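Remarks on the overall topology
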Amino acid sequence: MARSPHRQRRRTGSAATLAALRLSRQTGEALADGLTGKGAQVAARRLARLLAADAVALADCERVLAVAGSIDPDAAQALLVETLDVLEPVTAPPLRAAPLVVSGDLAGCLLVSGDVSDADLAEAADLVVRALDHADLVRARERIAEADLRTLRAQISPHFMHNALAAISAHTRTDPERARELLTDFSDYLRYSFAGTGDFATVADELHAVQTYLELQRARFDDRLDITVRIAPEVLPVPIPFLVVQPIVENAVRHGFETKPGTGHIAVRGFSEGPLCVIEVEDDGDGMDPDVAKAILTGSRAGSGRIGLANVDRRLRAVYGPEYGLWLDTAPGAGTKATVRIPRYARGVHA
């Protein structure tokens, strides 16, 4: 049976729409490093295809950086200067140009040669501006995450280091073999905590560091610290921002156990919930008022002594989005459960 002309036109139109959407997305991806990045030339080619233009050029505020097609360099430079001077689209046949203003700052210019309408030129310029704005946001988030990680490393407790070394020293005469094991654990812990390779680790790596930390704490408290670690195998390879779990566990020890007489219990659990990786750290300490916990996570409670929890939450949300992060479930006298929820698979996140 022959297809109706209407259905054929609809299929053709859908294919063209999908192709345009794909090119728009790919153009944005090509501009991830900005106008001066290695993808600018690819972006120019894709814009030329989107606009069905004879040529497209991308320029910063001084010169043309990438060209797809053939454009007279002198004419392009003259039009660039004029466009950036008046800050509005300018036509100088066969070229047309539109300024690129990103977050209020002049970033450059889009130049087009060919039969392209004012509306299409404006849409193409807006596409480039949005891509550059997104790239700036991503880079800003990365800088914040790097600064937060440096801050977190600086907060690794000197109090813990002093007590760990004291515990190791106390075992050197009474149990030299355990002292050697603890010294190895301490060395491994410091090596991991101050490692400079990458922004992400696997859940397995984070939990290995946590277990090392807890063994040092168990020795410090003469084995009064009861530890449970249960991790589902499917979450072990999940990538997670570096030094996320350890600060949570350190807070559980310091605030859930240090001031508590007798034995204390800390449980670390990891499991999947559909597409999510969930990590829980629970202690049976004194707990706190939920409003205090909320203030700690927002960073609005100064002097709380809770090491890096707001830092951890901020880094998680910066990487994965506002729907993910760190939650505290607590009440006075009821202990504290800290829960991290992140996607098991996230684009661009690799350990």
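Before going into details, it helps to say that this report is about the structure given with it. These numbers come from a predicted model, not from an experiment. (Residues numbered from 1 in each chain as written. Predicted model: local features only at pLDDT ≥ 70, side-chain atom pairs only at ≥ 80, totals over all residues. Heavy atoms only, no water.)

1. What about the overall build of the protein chain?
Cut-off, in case you're wondering: Each helix corresponds to a stretch of at least 4 residues labelled H or I by DSSP, and each strand to a stretch of at least 2 residues labelled E; elements are numbered beginning at the N terminus. Under the scheme applied here, a residue whose accessible area is under 20% of the maximum for its type counts as buried, over 50% as exposed, and between as partly exposed, the area being computed with a 1.4 Å probe on protein chains only. By the convention used here, residues are in contact when the closest approach between their heavy atoms is within 4.5 Å. Accessible surface area values rest on a Shrake-Rupley calculation with a 1.4 Å probe, where residue burial reflects the displayed protein chains alone.
Helix and strand content of the protein chain: ten helices and twelve strands. Looking at the protein chain residue by residue over its 351 residues, the buried ones come to 44%. Sequence-distant contacts, at least 24 apart, represent 65% of the contacts inside the protein chain between residues at least 6 apart. Only carbon and sulfur atoms are counted for the fraction: they give 52% of the accessible area of the protein chain, which is about 18,100 Å².

2. Quick word on the pairing of strand β4 (residues 95-102)
Put simply, the test is: Pairing between two strands requires that DSSP report at least two bridges joining them.
In terms of burial, β4 is a largely internal element, seven of the eight residues being buried. Relative to β4, strand β3 (residues 90-92) runs antiparallel, the two sharing three bridges. Bridging across to β4, A92 finds its partner in L95. What sits between β3 and β4 in their antiparallel hairpin is a turn of two residues. Across eight bridges, β4 lies against strand β5 (residues 105-113) in antiparallel orientation. Bridge pairing in β5 places R96 opposite V112. Adjacent in sequence and paired antiparallel, β4 and β5 are bridged by two residues, among which S103 carries a positive phi angle near 50°.

3. Some remarks on the sheet that holds strand β7 (residues 225-231)
Counted only if it meets this: Under this scheme, a helix contributes an axis fitted over its contacting stretch, all axes are lines through C-alpha atoms, and angles between N-to-C directions fall in the 0 to 180 degree range.
If you walk across this open sheet you meet the five strands as β7-β9-β10-β12-β11, and the pairing is mixed. What marks the edges here is a single partner per strand, and that holds for β7 and β11 (325-330). Across the sheet, the axes of successive neighbouring strands diverge by a mean angle of 15°, strand direction being ignored. Of the pairings in the sheet, the one linking β11 to strand β12 (residues 336-343) comprises six bridges and is antiparallel in character. Along β12, the bridge assignment pairs T330 with T336. Where helix α7 (residues 203-220) meets the sheet, it contacts β7, β9 (264-273) and β10 (276-283), and its direction lies at approximately 170° from that of β7. Sheet contacts for helix α8 (residues 245-256): β9, β10, β11 and β12; angle to β10, the most-contacted strand, approximately 20°.

4. Structural notes on the packing of α7 against α8
Condition: Every angle not falling under 35 degrees, over 145, or within 65 to 115 is termed oblique; those three ranges are roughly parallel, roughly antiparallel and roughly perpendicular. Rotating anticlockwise by less than a right angle from the far helix to the near helix defines a left-handed crossing, while the corresponding clockwise rotation defines a right-handed one. The nonpolar class holds Ala, Val, Leu, Ile, Met, Phe, Trp, Tyr, Cys and Pro. Asp, Glu, Lys and Arg form the charged class, and all remaining residues, Gly among them, are polar.
The N-to-C vectors of α7 and α8 enclose an angle of 25°; their axes lie 9 Å apart at closest approach. As summarised for this structure, α7 and α8 are arranged roughly parallel, according to the angle between their axes. Crossing geometry of α7 relative to α8 is assigned as right-handed. Within the contact between the two elements, α7 uses E206, L207, V210, Y213, L214 and Q217 and α8 uses V245, Q246, V249, E250 and V253. A breakdown of the residues in the contact of α7 with α8 according to their chemical character gives seven nonpolar, two polar and two charged.

5. Considering the sheet that holds strand β1 (residues 55-59)
What the five strands build is an open sheet, ordered β2-β1-β5-β4-β3; its pairing is antiparallel. Two strands close off the open sheet at either side, each with one partner strand: β2 (64-68) and β3. Within this sheet the neighbouring strands show an average axis-to-axis angle of 20°, counted without direction. Here helix α2 (residues 40-51) sits on the sheet in contact with β1, β2 and β5, set at roughly 45° to β2.

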